[in-house]
Protein chains: 2
Amino acid sequence: MTTHSVQTTLLNCLFDYQDMEAYKDRVKQIHFELENSKDMTGWINYPLMDHKALFNEIEDLKSEICINADVFVVIGIGGSFLGARAVQEALSPYFGVLKEGIEVIYVGHHMSGAYLEQLIHYLDDKEIYINVISKSGSTMETALAFRVLRQYMEKRYGENAVNRIIVTTDPERGILKNIAEKEGYKQFAIPSNIGGRYSVLTPVGLLPLAVSGIDIRSFMDGAKNAALELKAVDLMRNHAYQYAVIRNILYNEGYSVEMLASFEPSLKKFHEWWMQLFGESEGKERKGLFPTCVTFSTDLHAIGQFIQEGSPILFETLLHFHEIDGDYDVPYDSRNEDGLNYLAGRSFNEINATSKQGTALAHAEGGVPVIQLEMQKLDAYHLGYLIYFFMKACAMSAKLLEVNPFDQPGVEAYKKKMLKLLKNEPLK
Amino acid sequence: MTTHSVQTTLLNCLFDYQDMEAYKDRVKQIHFELENSKDMTGWINYPLMDHKALFNEIEDLKSEICINADVFVVIGIGGSFLGARAVQEALSPYFGVLKEGIEVIYVGHHMSGAYLEQLIHYLDDKEIYINVISKSGSTMETALAFRVLRQYMEKRYGENAVNRIIVTTDPERGILKNIAEKEGYKQFAIPSNIGGRYSVLTPVGLLPLAVSGIDIRSFMDGAKNAALELKAVDLMRNHAYQYAVIRNILYNEGYSVEMLASFEPSLKKFHEWWMQLFGESEGKERKGLFPTCVTFSTDLHAIGQFIQEGSPILFETLLHFHEIDGDYDVPYDSRNEDGLNYLAGRSFNEINATSKQGTALAHAEGGVPVIQLEMQKLDAYHLGYLIYFFMKACAMSAKLLEVNPFDQPGVEAYKKKMLKLLKNEPLK
C-alpha cells in the first residue's frame, strides 16, 4: 500500500476481520468477472489507456475557451454533470473561480423556468461557450435546455455559434450525435462501454474540469494509480474491496442507511456524486443501502442529534483529507471573554481535524459503526484516486448484493408518467 | 380551511382515514398539553403577539446597514442560521441578490480554515456589518468565528466597529450577553422560551432576512395566519396535525426514512432547515424517522432509482408551490431534431409541475407512500406559513413518538470528546 491509497479504518464495527476473511473467495470471483466482462466495464481500464492525444485536445480547447469566454455552460443531468461539478467545487475557491480557469455553470438537470429565465439574463452581458453532454440526447431536461441555449447562441453569435457549441455524446448514434454531425459541432466521445455515473474520468468530466482550471493530468494520474493499485485481487490488500465488504456486512446486519460525512464544506457536491454512484448502482430489486450525506460540523448541529441517539438504522463513513490548502490561526485576545485563549495560535484546520476525531469517537460510543476513509491531500490527484476507489468499491458492492451495478431501470418510471401527462395520453 | 393553508393529500397510503380517526383524542390531549406548557413553547403564540416596535427597529437598522455596507456576515450554527438561510435562498435570485437588500454570508457553522482565510480576503475590499447569533455564546464554531471577525472589525473600523457589530442572544445571561453589555453592541433578544430550531420567526431569522431584502412583515403575516388556523384542535380540521399523524402511522408501519422533495432548486436550503427541525426534535431514545431531502428533477437522476426500486424503507413528502415568480417558454424550432416541438409555447414551470405529477404517480406505483403538501405561491407570506406549519406538525409528531420535541441532549457528545482532545485530557 502506497501513501496514495485510501486508508480504511473502522470504529465500533460489530464484526472482526474473520468476518471479512469469509468474503475472500467471493470477492476474487467477482473481481475476475468484472475484469473479464464486456458489459459496461470500460471504466475499469480507461485510466490506464494512453490519453495523451485527448489531454492535448482538451487543453488546447480549454485555452481557446478561456481566451474567448467568461462563462462555460455545461448542459447535462445525472452522471453527465455530477462528477465534474463535484470535483470542480471541491477544488475551487469558496469565493470566485480558479485563476487558471473561468466560471462553469451546470444546467439542464431540472426544469425550473425561473432559473432558466435568470440564467439567460445573467449570460446576456458575458461571452460564452456551451457543452451539451448526453449519451442519447433524448433526456427531456437536457434536451429542452439545449434547445433553448442553442437558439440563444445562434441569436447571439450567428454563424459563429457553431464554433462555441461542443457536444459530448455517443461516438456512433443518437439524436445528439446526428445534430453534431449535421451542424459540424466539435465532438467528444463518451465511450459506449462506460455508463453515466462511471464517466467522470472521460471527456464528460475532463472538459468542464479543465475549463474550470483544474489540472486534469494530475487528476487522471490519481485515477491511474488507483486503477493499478486496486487491481489487487486479494481482499486483504485491496481497500476498495474491503470498503465494499464492510458495507455488505453492515447491510446484512440490518443497517439501512450509509451516511457519508466530510469536514470541509467544499466537498458537499462530491457527496452528491457519491450518492448517485451508490444509490443508482445498488438501489434495485428492493435492496440496497440508502446513501445520504452530511457536512460537519455544520450538520452536527442539525442531524447530529439523530445520529447520536435516534433510530439505530445508520452507519457513517467519514471522509478525511489530512492536508487542505489554506488555513487560518486562532488569534490571541487579551479580553478572553470567550475563554478560548488556550486555542490561540492553533489553526482552524487542526481544530477541525480534532472535531473529526471527537465526532468519530462520540458516534462510535453512541453505537454507530464508523468507517474512516483517509486521504493525504485534498487536490486533483487524490480526488482522481478517490473517485476510482469509490467506483471500484461500488461495482464490487453491488455484485455482492447480487444486483447489476451498471443499469438503472427505475429511472424511466417518472419519465414515462410525465410524457403521458404531457401528451394527454391515458396513464395506464 | 382558507386558501392560505397547506393542502395535504396522500397517494398510496397504506391506511385510510379511519386509522387517522383513532388518533383524534390523543392529538387533542397533546394539543392542550402544548398550548398550556411553559417549557420552550414560546414559539406557539409568538407570531400572534404585537411586534410592531420590533419590526420598525429591524427595518430601521436594515436601512442603515444597506446604506453603509456591501455584505452582512451572520455568525451562527444550527437553529441560529438554518432558518434565515433557508428563506433567503428560497426567495433570492439564482444569480446575485434581491434589489431590496445586500449580500448575506453565513459563517461560524464549521471550522474550515480554508474557508475563513478566503472569507477574510473576500471581505477586505467591502464594507461590512456582522451579526453574531447564539443563545449562550459558548458553542465553539460560532465563538471562534466571532473572535476572528470581531478583531477583524476592530482592525478595520477602529472605534466605529462597535456600531457595526450586532448581537442576537439571550436577554439576560451568557457570555455573549456579557460581551454585548460591556462593549455596547446593539442587541436583539432570543426569547428564552424558544429553542434554536423553533426560532426563525424571531429576530434570529428576521434581521438577516430583512437585510437580504425580504419583506419580513409579509413573512410574519403568513406565520400569524398559520398560528391562528393551526390552533384548530380537531385533527380533521388541522393539516399540521394530519401530517404529524400520517408520519406517525408510517413510522409505526416500519418506514424509517422520510424524504422531503421539491421541484424548485432554490428550496434546497429550506430542506436543510426542515431536516434539523425534525431530526433534532425526534431523533432520540433510539426512535425517529430519519429526515432526508432531494431536489427534483436533478435527483431523480441520482437517487430516483433507489426511491423507485431500492430497499422499501422510505416514504416521500412532495412540497409543491403552484406559483413561482419567473418562467421561460419552450421555443419552437423548425429543425425539431429533438422531437420536442409538441412542447413549444408551453412554459418550463408548467412542464416542471407535470414532472411533479408524474413523479408522484410513478413513486406511488412503485410502492412508495407519497404525501403531497401544496402551497399557493413561493413567496415570503407562504414560507412564513409553511415554517409555522412544520413547527406545529413537528411538536405534535415528537409528542406522538413520546419524546421531548424541545431538547437535544445528543448534540453535546461530540463537543465533549472534541474538548477533551483539544485540552489533552483523558477521554474517559
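Everything numeric here is computed off the predicted structure, so don't read it as measured data.

The rules behind each value
Residues numbered from 1 in each chain as written. Chains lettered and ligands numbered in written order. Predicted model: local features only at pLDDT ≥ 70, side-chain atom pairs only at ≥ 80, totals over all residues. Heavy atoms only, no water. UniProt positions renumbered as here; feature names shortened; annotations may be inferred. Helix = DSSP H or I, 4+ residues; strand = E, 2+ residues; numbered from the N terminus. Buried < 20%, exposed > 50% of the residue type's maximum accessible area, 1.4 Å probe, protein only. Contact = heavy atoms within 4.5 Å. Polar contact = N/O pair within 3.5 Å; in protein donor to acceptor, adjacent residues only side chain to side chain. Buried area = accessible area lost by both parts, 1.4 Å probe. Salt bridge = Lys/Arg side-chain N within 4 Å of Asp/Glu carboxyl O. Nonpolar A, V, L, I, M, F, W, Y, C, P; charged D, E, K, R; others polar. Pairing = 2+ DSSP bridges. Axes fitted to C-alpha atoms, helices over the stretch in contact; angles between N-to-C directions. Least-squares fit on C-alpha atoms with pLDDT ≥ 70 in both. Disulfide = S-S within 2.5 Å. Phe/Tyr/Trp six-rings, centres within 6.5 Å; stacked < 30°, edge-to-face > 60°. Lys NZ or Arg CZ within 6 Å of the ring centre and 35° of its normal. 1 Å grid on protein atoms, 1.4 Å probe; cavity = no way out; pocket = protein on both sides within 12 Å on 5 of 7 lines; lining within 4 Å. Points joined across faces, edges and corners; volume = space filled by probe spheres on them.

Chemist: Tell me about the UniProt feature "active site" (unreviewed entry) in chain A, and name the residues and values.
Modeler: The UniProt feature table records "active site" (unreviewed entry) at Glu280(A) and Lys415(A). Tracing the sequence through the fold places Glu280(A) in helix H11 (residues 268–282). What makes Glu280(A) buried here is its relative accessible area of 5%. Apart from residues lying up to four places away in sequence, Glu280(A) is in contact with Arg197(A), Met275(A), Asp407(A), Gln408(A), Val411(A), His301(B), Ala302(B) and Gln305(B). For Glu280(A), the side chain forms a polar contact with the side chain of Arg197(A), separated by 3.0 Å. Along the chain, Lys415(A) falls in helix H15 (residues 412–422). Those residues in contact with Lys415(A) that lie beyond four places of it in its chain are Thr139(A) and His301(B).

Chemist: Give me the interface of chain A and chain B: which residues, what numbers.
Modeler: Every contact between the two is made by 119 residues of chain A and, on the other side, 119 residues of chain B. Contact between chain A and chain B buries roughly 10500 Å² in total, counting both sides, with carbon and sulfur atoms accounting for 62%. Of all residues in chain A, Phe95(A), Arg147(A) and His301(A) give up the largest surface area on contact with chain B, accounting jointly for 8% of the area buried on that side. On inspection of chain A and its partner chain B, the count reaches 14 salt bridges. As a salt-bridge pair, Lys182(B) and Glu337(A) come within 2.7 Å of each other at their nearest N and O atoms. Joining chain A to chain B, the criterion identifies 58 residue pairs in polar contact (both at pLDDT 80 or more). For the side of chain A that touches chain B, the element with the most residues is helix H13 (residues 348–365) of chain A, which contributes 12 residues. Taken together, the residues of the side of chain A that touches chain B sort by class into 57 nonpolar, 34 polar and 28 charged.

Chemist: How would you explain the sheet that holds strand E4 (residues 128–133) of chain A if you had to name every residue and give the values?
Modeler: All names here are of chain A. Overall, parallel pairing links the five strands, which are arranged E3-E2-E4-E5-E6 in an open sheet. Single-partner strands in this sheet number two, and they are strand E3 (103–107) and strand E6 (186–189). Going from strand to strand, the sheet's axes swing by 20 degrees on average, the running direction of each strand aside. Examined bridge by bridge, strand E5 (residues 165–169) and E6 share four bridges and lie parallel to one another.

Chemist: Got a sec to walk through the relation of the copies chain A and chain B? Specific residues and values, please.
Modeler: Overlay of chain A on chain B (RMSD 0.0 Å): rotation 180 degrees, translation along the axis 0.0 Å. Here the symmetry operator amounts to a two-fold rotation axis. Looking at the rotation axis and the C-alpha trace of chain A, the residue lying nearest is Thr292(A), at 3.8 Å.

Chemist: Can you tell me about the sheet that holds strand E5 (residues 165–169) of chain B, naming the residues and giving the values?
Modeler: Residues and elements named next belong to chain B. Reading across from one edge, E3-E2-E4-E5-E6 is the order of the five strands in this open sheet, with parallel pairing throughout. At either end of the open sheet lies a strand with only one pairing partner, and these are strand E3 (103–107) and strand E6 (186–189). Direction aside, the axes of adjacent strands within the sheet are offset by 20 degrees on average. With five bridges connecting them, strand E2 (residues 71–75) and strand E4 (residues 128–133) associate as parallel partners. For valine 73, the partnering residue across the bridge sits in E4 and is isoleucine 130. Here helix H3 (residues 52–68) sits on the sheet in contact with E2, E4, E5 and E6, set at roughly 140 degrees to E6.

Chemist: Provide a residue-level description of the state of the cysteines, including the pertinent values.
Modeler: Tallied over the entire structure, the rule returns zero disulfides over all chains. Considering cysteine sulfurs only, Cys293(A) is the nearest to Cys293(B), which forms no disulfide, with 8.3 Å between them.

Chemist: So what about the packing of aromatic side chains? Which residues, and what values?
Modeler: Residues and elements named next belong to chain A. According to the stated counting rule, one finds 42 aromatic pairs over all chains in the structure shown. Taking 5.0 Å as the distance between ring centres and 25 degrees as the angle between the ring planes, the aromatic pair formed by tryptophan 43 and tyrosine 198 counts as stacked. Of this pair, tryptophan 43 sits in the loop between helix H2 (24–36) and helix H3 (52–68) while tyrosine 198 sits in the loop between E6 and helix H8 (203–212), and the two are 155 residues apart along the sequence. Each member of the pair tryptophan 43 and tyrosine 198 is classed as buried. Feature note: the residues Tyr243, Phe270, Trp273, Trp274, Phe278, Phe389 and Phe390 constitute an aromatic cluster, connected by ring pairs. Taking NZ or CZ as reference, lysine 126 lies 3.7 Å from the ring centre of tyrosine 122, over its face.

Chemist: An account of the layout of surface pockets is requested, with residue identities and associated values reported.
Modeler: Considered as a void within the structure, the largest pocket measures approximately 2400 Å³ in volume. Along its surface, the largest pocket is lined by 50 residues, and Glu89(A), Tyr94(A), Lys269(A), Glu89(B) and Lys269(B) are the ones closest to its centre. Counting residues per element, the ones that place at least two in the lining of the largest pocket are helix H4 (82–91), E3, helix H5 (113–123) and H11 of chain A together with helix H4 (82–91), E3, helix H5 (113–123) and helix H11 (268–282) of chain B. Broken down by class, the residue content of the lining of the largest pocket amounts to 21 nonpolar, 17 polar and 12 charged.

Chemist: Provide a residue-level description of the pattern of salt bridges, including the pertinent values.
Modeler: A full pass over the atoms with the stated rule returns 62 salt bridges over all chains. A salt bridge links Arg346(A) to Glu350(A); the shortest N-O distance between them is 3.2 Å. When salt bridges that share partners are traced, they join Arg150(A), Glu154(A), Lys182(A), Glu183(A), Asp333(B), Arg335(B) and Glu337(B) into one network.

Chemist: So what's going on with empty space enclosed by the protein? Residues and values would help.
Modeler: Taken as a whole and judged by the stated rule, the model has eight cavities of 30 Å³ or more. Taken as a whole, the largest cavity spans an internal volume of roughly 390 Å³. Forming the boundary of the largest cavity are 26 residues, of which Glu272(A), Cys293(A), Lys268(B), Glu272(B) and Cys293(B) lie nearest the centre. Of all elements in the fold, only H11 and strand E8 (290–295) of chain A together with H11 and strand E8 (290–295) of chain B reach the threshold of two or more residues within the lining of the largest cavity. Of the residues in the lining of the largest cavity, the class split is 12 nonpolar, eight polar and six charged.

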